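# Reading the structure
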Amino acid sequence: MKLPLGNNEEEPEVSMSPLIDCVFLLLIFFLVSTMTKVKSRDIPVNLPTSEAAVKLKPDDKQAIVGLDSEGNFYWDGQLCTANFLHEQLREVCIATPDRRIRIDMDRDTPFGRFVEVMDACQFYNLNNIGIRTYDEHYNEN
C-alpha cells in the first residue's frame, strides 16, 4: 500500500490556549494562597507601652497566648481554659521546643494570671517568649 507523500497536509500545531489557562489558574492559586498567609489571631487588649521594645514582624509560626483584662486565657485568638492552655504548651514543648511564644496581655490583667502563663512556659522549658507591647497594625514603620 502506497501512502501519498504530498505536501497537501497541514503541519500539526500546538494550541496555546490550554497552556494560557493553566498559567492563569496557577497565578490565581498563588495570589490566593499568599493573601491568607498571616492569620489574625489577636484579641482586643489595651497593651502596655514600652520605649525599649524591639518591633518584630508578625509571624504565622509563633504561638499566641492572650490574657484579657478579666484574666481569661486565649490560645491563638480563641478563648480557652487553663487546662487547654497547658495542653497546648505541652504539645509545643514536644513538637517544636524553640517555637516563639508571644504573650498579648491587657495592661489591666491581674498579674497573677501572667505569672501562671510564665510558670507553665518554664515548666515545659519554653524559653523563646515575648510580650507584645505595641499594635503592629497601627505602629508599623
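Here the structure is shown first, and the text comes after it.
Note that the structure is predicted; figures quoted are calculated from it, not measured. Counting starts from 1 at the beginning of each chain's written sequence and moves along it residue by residue. pLDDT decides what is reported in this predicted model: residues at 70 or higher carry local features, side-chain atom pairs at 80 or more are listed and counted, and totals for whole chains, interfaces and linings draw on all residues regardless. Excluding hydrogens and water, the side-chain values take into account all heavy atoms of the structure.

Here the focus is the overall build of the chain. Secondary structure elements are taken from DSSP: a helix is a run of H or I of four residues or more, a strand is a run of E of two residues or more, and numbering for both begins at the N terminus. Along the backbone of the chain there are 3 helices and 5 strands. Each helix and strand of the chain, ordered N terminal to C terminal, gives the series α-β-β-β-α-β-α-β. A 1.4 Å probe rolled over the protein chains alone gives each residue an accessible area, and that area as a share of the maximum for its type sets the label: buried under 20%, exposed over 50%, partly exposed in between. When burial is assessed residue by residue, the chain has 26% of its 141 residues classed as buried. Within the chain, contacts between residues at least 6 apart in sequence are counted, and of these 69% link residues at least 24 apart. Note on areas: Shrake-Rupley, 1.4 Å probe, and residue coverage restricted to the protein chains presented here. Of the roughly 10700 Å² of accessible surface on the chain, a fraction of 58% belongs to carbon and sulfur atoms. The contact criterion used throughout is that any non-hydrogen atoms of two residues lie within 4.5 Å.

What follows covers the pattern of salt bridges. Just to be clear on terms, a salt bridge is a Lys or Arg side-chain nitrogen sitting within 4 Å of an Asp or Glu carboxyl oxygen. Taken as a whole, this structure holds 4 salt bridges when the rule is applied. The salt bridge involving Arg-102 is made with Asp-104; its shortest N-O contact spans 2.8 Å. Note on Arg-102: relative accessible area 8%, which makes it buried. Here Asp-104 falls in the buried class, since its relative accessible area comes to 1%. In this structure, Glu-116 and Arg-113 form a salt bridge, with 3.2 Å as the shortest nitrogen-oxygen distance. Residue Glu-116 and its partner Arg-113 are located together in helix 3 (residues 111-123), separated by 3 residues, close to a single helical turn. When salt bridges that share partners are traced, they join Arg-102, Asp-104 and Arg-132 into one network.

A few words now on the side chain of Arg-132. Looking at the element boundaries, Arg-132 is found in the segment after strand 5 (129-131). The exposure class assigned to Arg-132 is buried, which follows from its relative accessible area of 6%. Of the polar contacts made by the side chain of Arg-132, one reaches the side chain of Asp-104; its length is 2.9 Å. Pairs of N or O atoms within 3.5 Å make up the polar contacts considered here, provided that, within protein, one atom can donate a hydrogen while the other can accept it, and that residues adjacent in sequence are counted only when both atoms are side-chain atoms.

Expected span of a helix, by definition, is 1.5 Å for each gap between consecutive residues, and there is one gap fewer than residues. Across its 13 residues, helix 3 extends 18 Å between first and last C-alpha, which sits within 8% of the 18 Å expected from 1.5 Å per residue. The set of residues buried in helix 3 consists of Phe-114, Val-117, Ala-120 and Cys-121. An end-on view of helix 3 places all buried positions within 125° of arc, on one side of the element. Exposed side chains of helix 3 directed beyond 90 degrees from the buried face belong to Phe-111, Gln-122 and Phe-123. In this structure, the buried side of helix 3 is in contact with strand 1 (63-67), strand 2 (73-75), helix 2 (82-95), strand 4 (101-105) and strand 5. Backbone geometry just after helix 3 places Asn-125 at a positive phi near 60°. The reported arc concerns the directions from the helix axis to the C-beta atoms and nothing else.

The subject of this paragraph is the nonpolar core. Ranked by internal contacts, the top residues of the largest apolar core, which has 18 residues, are Leu-67, Trp-75, Leu-85, Leu-89, Ile-101, Val-117 and Leu-126. Of all the elements in the fold, those that place two or more residues in this core are strand 1, strand 2, helix 2, strand 4 and helix 3. Broken down by element, the residue count for this core peaks at 4 residues, all from helix 3. Excluding residues within four positions of it along the chain, Trp-75 makes contact with Ala-63, Ile-64, Val-65, Cys-80, Phe-84, Leu-85, Gln-88, Leu-89 and Val-92. In these notes, a set of buried Ala, Val, Leu, Ile, Met, Phe, Trp, Tyr and Cys residues joined through side-chain atoms within 4.5 Å is what counts as a nonpolar core.

What follows is about the pairing of strand 4. Among the 5 residues that make up strand 4, 5 are buried, leaving the element largely enclosed by the rest of the structure. Burial of the side chains of strand 4 extends over both faces: Ile-101, Ile-103 and Met-105 are buried on one face and Arg-102 and Asp-104 on the other. At least two DSSP bridges between two strands are needed for those strands to be called paired. Bridge count for strand 1 against strand 4 is 5 bridges, and the pairing is parallel. When the bridges of strand 4 are listed, Val-65 appears paired with Ile-103. As defined by bridge partners, strand 4 adjoins strand 5 across 3 bridges and the pair is classed as parallel. Across the sheet, residue Arg-102 finds its bridge partner in strand 5, namely Gly-130.

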